Amino acid sequence: MLGCYDFCGHYEWTFEWLRQQGGESLVRKYWDEAIHRDSQRHPAALIAAKGIEGMKEYWGHILAEEGAGYHSTATDAVFRMDMHECPSKGFLIRNALRQYHDYCDHCMGWIGPLLKKCGWVVDHEHNHCGQCWWELRRADDVTSPALSTPHDVRLRNDWKGSAPLDTYSRANDPDDKTVS
Amino acid sequence: MTPGAQTSFLPHTDTKPVGAADFYFAINATFRFVLNKLGPDGLRQYWTDLGARYFAPVTARWKSGGLTAVAEYWRAFFAAEPGAEVEVHQSPNEVTLDVKVCPAIKHLRANGREIVPCFCEHCHVIGNAMAAPAGLTVRVEGGNGSCRQRFTRC
């Protein structure tokens with residue numbers, strides 16, 4: 001049986017298997033069609049109906065269940081998450097599991113299209129070491145990401161490590177990023 | 001069965017004692033996606049490759065530890081699956097998994113998810129891909145929420 005305890009392991013393995021079958025486009029379709037539109041239809045419904053309250057409800061539940069080390073904050077216009085210990089990337093790092101070249105892209109791969117459908121854009125960075133931050137705001141809100149929080153993951157001494165930093169600005173596409 | 005993995009018998013371990021049940025949604029959705037894109041043969045190939053490659057560390061333990069290692073693995077496995085009600089029995093010639101409540105089917109049904117019709121086949125295909133290199137085979141009787149899986153020597 002395929003289980004949920006080590007889900008992140010076979011999930012990441014599946015990305016590379018799909019890439020070998022149909023290239024990167026099949027992986028993107030997988031994140032959008034299987035994860036966003038099928039598996040994750042519950043957050044899609046929550047966020048479409050409730051906006052920021054739906055985001056709080058969804059991520060509050062799933063990140064607690066997954067045992068994440070994170071902090072979230074919100075205003076009436078912006079929802080922000082600072083992930084200090086990503087449960088899934090952490091699982092892969094601890095178990096030395098790496099088949100696909102950039103596991104972290106999967107979050108933007110399903111969350112980006114989901115939010116686009118709901119009229120939201122994403123500012124996001126991840127450091128490939130289990131840390132990232134997100135700010136989600138409506139597409140017609142042109143303000144820059146600036147929500148101040150003492151839990152800002154970028155304040156960590158290890159935020160900029162040896163791995164590249166992937167940066168998304170008002171994005172909804174996993175490939176709409178700059179790498180530094 | 002006491003919830004929480006006896007992680008020494010699992011190849012990949014986590015800091016939490018049991019998995020997040022909502023991941024069963026993604027497993028079911030993944031099967032549907034592969035089936036729609038690559039057809040039934042593609043889905044069987046996906047399961048076969050998962051069993052032979054991703055689960056290779058489990059097979060290695062079964063190869064060296066025999067049926068005792070098989071029983072240890074499945075006890076630890078189901079202890080880490082939320083909602084599982086499974087009895088694992090070992091005799092000199094086989095290990096039997098008496099799956100009274102499949103945690104995946106239970107969670108998918110409880111949340112009104114459309115279950116891929118061939119969902120239960122993955123246990124048979126992945127199980128045999130894991131077992132064969134260790135000189136074992138698995139037979140599955142039942143399904144759709146409860147089943148019996150028998151691991152025997154070839």
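About the thresholds
Residues numbered from 1 in each chain as written. Chains lettered and ligands numbered in written order. Predicted model: local features only at pLDDT ≥ 70, side-chain atom pairs only at ≥ 80, totals over all residues. pLDDT = per-residue confidence, 0-100. Helix = DSSP H or I, 4+ residues; strand = E, 2+ residues; numbered from the N terminus. Expected span 1.5 Å × (residues − 1). Buried ≥ 20, exposed ≤ 12 C-beta atoms within 10 Å, placed from the backbone. Contact = placed C-beta atoms within 7 Å. Pairing = 2+ DSSP bridges. Axes fitted to C-alpha atoms, helices over the stretch in contact; angles between N-to-C directions. Parallel < 35°, antiparallel > 145°, perpendicular 65-115°, else oblique. Nonpolar A, V, L, I, M, F, W, Y, C, P; charged D, E, K, R; others polar.

A separate point is the confidence of the model for chain A. Model confidence for chain A is summarised by a mean pLDDT of 93, while 98% of its residues fall at 70 or above. In the model of chain A, helix 3 (residues 52-66) of chain A stands out as the element of lowest mean pLDDT, 84, in contrast to helix 1 (residues 7-39) of chain A, which has the highest, 98.

Let us now look at helix 5 (residues 105-118) of chain A. Helical periodicity: at 3.6 residues per turn, an α-helix aligns residues three or four positions apart in one direction. Residue and element names in this part refer to chain A. Taking 1.5 Å as the rise per residue, helix 5 with 14 residues should run 20 Å; its terminal C-alpha atoms sit 20 Å apart, in good agreement. Of all 14 residues making up helix 5, twelve are buried, and the element is well covered by its neighbours. Here helix 5 has its buried residues at D105, H106, C107, M108, G109, W110, I111, G112, P113, L114, L115 and C118. Buried residues along helix 5 sit in contact with helix 1, helix 2 (41-50), strand 3 (120-126), strand 4 (132-138) and strand 5 (166-171). Backbone geometry just after helix 5 places G119 at a positive phi near 90°.

Attention now goes to the pairing of strand 2 (residues 78-85) of chain A. Residues and elements named next belong to chain A. Taken together, the six bridges between strand 1 (residues 69-74) and strand 2 define a ladder with antiparallel strand orientation. Looking at the pairing, G69 lines up with E85 of strand 2. Here strand 1 folds back onto strand 2 in antiparallel fashion, the turn holding three residues.

Here the focus is the packing of helix 1 (residues 23-54) of chain B against helix 4 (residues 121-131) of chain B. All names here are of chain B. Helix 4 packs onto helix 1 with a crossing angle of 30° between their chain directions and a minimal axis gap of 5 Å. What the angle tells us is that helix 1 and helix 4 run roughly parallel. Contact residues: helix 1 offers F31, R44, W47, T48, L50, G51 and A52, while helix 4 offers H122, V125, I126, A129 and M130. A per-class count over the contact of helix 1 with helix 4 returns eight nonpolar, three polar and one charged.

All names here are of chain B. Topologically, K63 is positioned in helix 2 (residues 56-79). The class for K63 is partly exposed, based on 14 C-beta atoms found within 10 Å. Expressed as a C-alpha distance, the spacing of K63 and G135, which sit 72 residues apart in the sequence, is 7.3 Å. The contacts of K63, once residues within four sequence positions are left out, are P133 and A134.

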